Amino acid sequence: MDFGLSEEQKLIVETTRAFVENELYPHEREVERTGVLRRELIEEIKAKAIEAGLYAANMPTEVGGAGLDTVTWLLYEKELGRANYALHWTCVARPSNILLAGTPEQREKYLYPCIRGEKWDCLAMTEPGAGSDLRGMKATAVQDGDDWVLNGTKHFISHADLADFAICFMASGEEETPRGKRKKITAFFVDKGTKGFTVRDGYRNVSHRGYTNAILEFDDCRLPGAQVLGEVHKGFDVANSWLGATRLQVGATCLGRAERALGHAIEYAAQRQQFGQQIGKFQGVSFKLADMATELKAADLMVFEAGWKYDQGTVTDQDMAMAKLKATEMLAFVADEAIQIHGGMGLMDDLPLERIWRDARVERIWEGTSEIQRHIISRALLRPFGG
């Protein structure tokens, strides 16, 4: 087994890390304190990201992306993850892979402008009553001739205030299954400004300041059939085929933040003097560092093994669930211990630790809660025995 990086991968890591440190870190304090990511700043950093070849790097080369394999993409995400989430996700955007499922006409209208940095997309699945249970969504799409009429509400929709369009998943019918009736789901492109489509401010979030969420409301919103993404009633098939390793992406960004927190903790433990010696010489601190580094190493191996298996076509839902579960819970542990090592200083906003600590909390919720990941894992373990 070769765990080394290729020269190309090393270059991507070095380039991305330098960009993060030089172009994103200097703006973190402003975004954290104001909770606002200024549009001028977005455009400024976006232009530099495009010039550096880091923008839309998740996309295949044939559509204008960098064509990274999964492992290399996760290395790139890990480096971006070191910075404030709003800065790296909005200014160095990675359009949703689901855009690749569009028709040639839809690609021209939605995919390519996103890759060029002319438009932003957002993904709308979650509803007030449908989070982990997406089949429980109540927002509907009813066919009327060649058109579709959408009604209902979506919430927790990331950066929908900035997005030019939303990819919305709506209940479009029902079907009988061995477990009873199940809703059919259809995906739609909905342009901002469409009659009956309203984007409202969402909720204030303790995590990821500057990275906004919104509430989407549909009131007899009429769309032509050409706005359907994929096949009618096959919305989940489209999502499962094209959304890709998003749980691994979450895991990778957690690795980047954990490395940054651990780096601060090691440096502080080596410099801070108490009782006549460096605090890192006390077992109460040194053992914390050892545990933090070990947990980080374990999560790193799990995320990148799953990424490697993804490229080989052998990855399982269990692999990705384990990697996401481990990485997100590891980050919470490392961030908390880093603050403990710093004492009161760890909670001051002079350091990024309190931000990393706050941001860590949402990672165990979005893209599938820790409980959902454990359900996936345990189901895979028990299935061979009829469980």
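Residues numbered from 1 in each chain as written. Predicted model: local features only at pLDDT ≥ 70, side-chain atom pairs only at ≥ 80, totals over all residues. Heavy atoms only, no water.

1. Considerations on the pattern of salt bridges
- What the rule picks out here adds up to 31 salt bridges.
- Between glutamate 7 and lysine 10 there is a salt bridge, with the nearest N and O atoms lying 3.5 Å from each other. Taken together, the positions of glutamate 7 and lysine 10, both in helix α1 (residues 7-34) and 3 residues apart, correspond to about one turn of that helix.
- Overall, the relative accessible area of 36% leaves lysine 10 in the partly exposed class.
- Here arginine 94 makes a salt bridge to glutamate 77, at a shortest N to O gap of 2.7 Å. Taken together, the positions of arginine 94 in the loop between α4 (85-91) and α5 (104-115) and glutamate 77 in helix α3 (residues 70-80) put the pair 17 residues apart, joining distant regions of the chain.
- Through salt bridges that share partners, Arg17, Lys78, Glu79, Arg82, Glu259 and Asp300 make up one connected network. (Salt bridge = Lys/Arg side-chain N within 4 Å of Asp/Glu carboxyl O. Helix = DSSP H or I, 4+ residues; strand = E, 2+ residues; numbered from the N terminus. Buried < 20%, exposed > 50% of the residue type's maximum accessible area, 1.4 Å probe, protein only.)

2. Things to note about the packing of helix α8 (residues 283-312) against helix α9 (residues 317-342)
- Between α8 and α9, whose axes approach to 9 Å, the crossing angle comes to 155°. On the basis of the axis angle, α8 is roughly antiparallel to α9. Between α8 and α9 lies a crossing whose hand is left-handed. (Axes fitted to C-alpha atoms, helices over the stretch in contact; angles between N-to-C directions. Parallel < 35°, antiparallel > 145°, perpendicular 65-115°, else oblique. Left-handed = near helix turned anticlockwise from the far one by under 90°.)

3. Notes on the domain arrangement of the protein
- Per the domain assignment, the segments making up the protein are domain 1 (7-94), domain 2 (121-233) and domain 3 (237-385).
- Computed from C-alpha atoms alone, the centre-to-centre distance between domain 1 and domain 2 is 28 Å.
- On the side of domain 2, 6 residues touch domain 1, which itself brings 12 residues to the contact.
- Roughly 770 Å² of surface becomes buried between domain 1 and domain 2 when both sides are summed, with 60% attributable to carbon and sulfur atoms.
- Linking domain 1 with domain 2 are 3 residue pairs in polar contact (both at pLDDT 80 or more).
- For the side of domain 1 that touches domain 2, the secondary-structure elements that each account for two or more residues are α1, α2 (39-52) and α4.
- Residues belonging to the side of domain 1 that touches domain 2 are distributed by class as follows: 7 nonpolar, 3 polar and 2 charged. (Domains from an automatic or database assignment. Contact = heavy atoms within 4.5 Å. Buried area = accessible area lost by both parts, 1.4 Å probe. Polar contact = N/O pair within 3.5 Å; in protein donor to acceptor, adjacent residues only side chain to side chain. Nonpolar A, V, L, I, M, F, W, Y, C, P; charged D, E, K, R; others polar.)

4. Here's the deal with the environment of valine 13
- Structurally, valine 13 can be placed in helix α1.
- Residue class for valine 13 comes out buried when judged on its relative accessible area of 14%.
- As for valine 13 and glutamate 79, which are separated by 66 residues in sequence, their C-alpha atoms are 6.7 Å apart.
- With residues up to four places along the chain from it excluded, the contact list for valine 13 reads Leu5, Leu75 and Glu79.

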